[in-house]
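What the coordinates show
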Amino acid sequence: MTDQSPAPAVMEFLLSRRSRPAKLLQGPAPDRAALTPILTAAARTPDHGKLVPWRFVVLETAALRRLGDLVASCGAASGRSDEDIAKARACYDSSPLAVVVIEAPKPSDKIPEVEQTYSAGAVCLALLNAALASGWGANWLTGWPVFDRHFVEAGLGLAASERVAGIIHIGTAETAPPDRPRPDLAEITTWMDA
Ligand SMILES: Cc1cc2nc3c(=O)[nH]c(=O)nc-3n(C[C@H](O)[C@H](O)[C@H](O)COP(=O)(O)O)c2cc1C
């Protein structure tokens, strides 16, 4: 702690933060001006080699509804059940706003692709946390459509080399859900003192 003051409010946030289920999210959602600092915070993420192996697509209402229809046609084309299709399209049909975090790997002799994947995941969490810390409800979802190449290439404009790391839905949640059980630190931590 030499060059930086403690930020207890940030620690308090990090120790209590939790997502709001996407099905509870409704409008209002952040407008472009309110979303910009949230995206800026997300882009301030560790990135080995400064490759910027990720990008954002912001899905506003009309795009979300278009994609709900595309989920239905992709699901039918790949033989999914009505239940699977209805579940997957529900969040596109009801979400007030979503940000797709796209992993866009860059060729590099030095930086392994898996590190670019980790960085894209870190961007998702930074975006989720920035939205929550700004007072919005938010949830990181994927679901089978993000693994459907027609859905992501025709619907979201991904290149063949790109993948969806996460879709962060952002809006207003009237209530906070009960917290989920969190990992037992003793079970996941080894203190190595020699
Ligand atoms: C890569 C990834 C994909 C996820 N996809 C879904 C999903 O499709 N549906 C779902 O209910 N939860 C999904 N989750 C889980 C939720 O985002 C989240 O873990 C859960 O709501 C609790 O989050 P919290 O620790 O912020 O409270 C996903 C999580 C990750 C990391």
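The rules behind the values
- Residues numbered from 1 in each chain as written.
- Predicted model: local features only at pLDDT ≥ 70, side-chain atom pairs only at ≥ 80, totals over all residues.
- UniProt positions renumbered as here; feature names shortened; annotations may be inferred.
- Helix = DSSP H or I, 4+ residues; strand = E, 2+ residues; numbered from the N terminus.
- Expected span 1.5 Å × (residues − 1).
- Contact = placed C-beta atoms within 7 Å.
- Buried ≥ 20, exposed ≤ 12 C-beta atoms within 10 Å, placed from the backbone.
- Pairing = 2+ DSSP bridges.
- Axes fitted to C-alpha atoms, helices over the stretch in contact; angles between N-to-C directions.
- Left-handed = near helix turned anticlockwise from the far one by under 90°.
- Nonpolar A, V, L, I, M, F, W, Y, C, P; charged D, E, K, R; others polar.
- Near = placed C-beta within 6 Å.

It is worth spelling out the UniProt feature "domain: Nitroreductase" (unreviewed entry) in the chain at this point. UniProt's entry tags residues 17–171 with the feature "domain: Nitroreductase" (unreviewed entry), counted in the numbering of this structure. Taken as a whole, residues 17–171 contains 45% helix and 17% strand, while its terminal C-alpha atoms sit 16 Å from one another.

When the terminal C-alpha atoms of helix 3 (residues 61–77) are compared, their 25 Å separation across 17 residues agrees well with the 24 Å that a helix rising 1.5 Å per residue should span. On its buried face, helix 3 sits against strand 1 (54–59), helix 4 (82–94) and helix 6 (149–156).

Across the six residues that make up strand 2 (residues 98–103), a large majority, six, are buried. Burial along strand 2 is two-sided: A98, V100 and I102 and V99, V101 and E103, pointing in opposite directions, are all buried. When strand 1 meets strand 2, the two strands line up antiparallel, connected through six bridges. When the sheet's bridge partners are listed, R55 is paired in strand 2 with I102. Here strand 2 pairs with strand 4 (residues 163–171) via six bridges, running antiparallel.

Here we come to the packing of helix 2 (residues 32–42) against helix 5 (residues 113–133). Interaxial distance between helix 2 and helix 5 falls to 8 Å at its minimum, and their mutual angle equals 145°. Considering the relative orientation of helix 2 and helix 5, their crossing is right-handed. Together, I38, A41 and A42 of helix 2 and V123, A126, L127, A130 and A131 of helix 5 make up the contact between the two elements. Looking at the contact of helix 2 with helix 5 residue by residue, the classes come out as eight nonpolar, no polar and no charged.

Lining the immediate surroundings of the ligand are R18, S19, N139, W140, L141, T142, G143, G166 and R180. Of all the elements, strand 3 (residues 137–141) adds the most residues to the shell around the ligand, at three residues. Taken together, the residues of the shell around the ligand break down into two nonpolar, five polar and two charged.

Next up on the list: the sheet that holds strand 4. Sheets are built from strands paired through backbone hydrogen bonds, the pairs being either parallel or antiparallel. In spatial order, the strands read 1-2-4-3; together these four strands make up an open sheet with antiparallel pairing. If you trace the sheet from one side to the other, it starts and ends with strand 1 and strand 3, each paired once. Neighbouring strand axes in the sheet, compared pairwise and without regard to direction, differ in orientation by 20° on average. With respect to the sheet, helix 5 is in contact with strand 1, strand 2, strand 3 and strand 4, its orientation differing from that of strand 4 by roughly 0°.

Let us now look at the environment of V57. Within the secondary structure layout, V57 lies in strand 1. Separated by 130 residues in sequence, V57 and E187 have C-alpha atoms that sit 38 Å apart. Ignoring sequence-local partners within four residues, the contact set of V57 consists of V100, I102, L156 and G157.

As recorded in UniProt, the feature "binding site: FMN" (unreviewed entry) lies at R17, R18, S19, R44, H48, W140, L141 and T142. A maximum C-alpha distance of 27.6 Å among these annotated residues, which run over 126 residues, shows that they spread across the structure rather than meeting at one spot. Within the secondary structure, L141 is located in strand 3. Residue L141 is classed as partly exposed on the basis of its C-beta count, with 16 C-beta atoms lying within 10 Å. Apart from the residues lying within four places of it in its own chain, the contact partners of L141 are A22, C91, I167 and H169. Following the sequence through the fold, T142 ends up in the loop between strand 3 and helix 6. Leave out the neighbours within four places in its chain, and T142 touches V164, G166 and I167.

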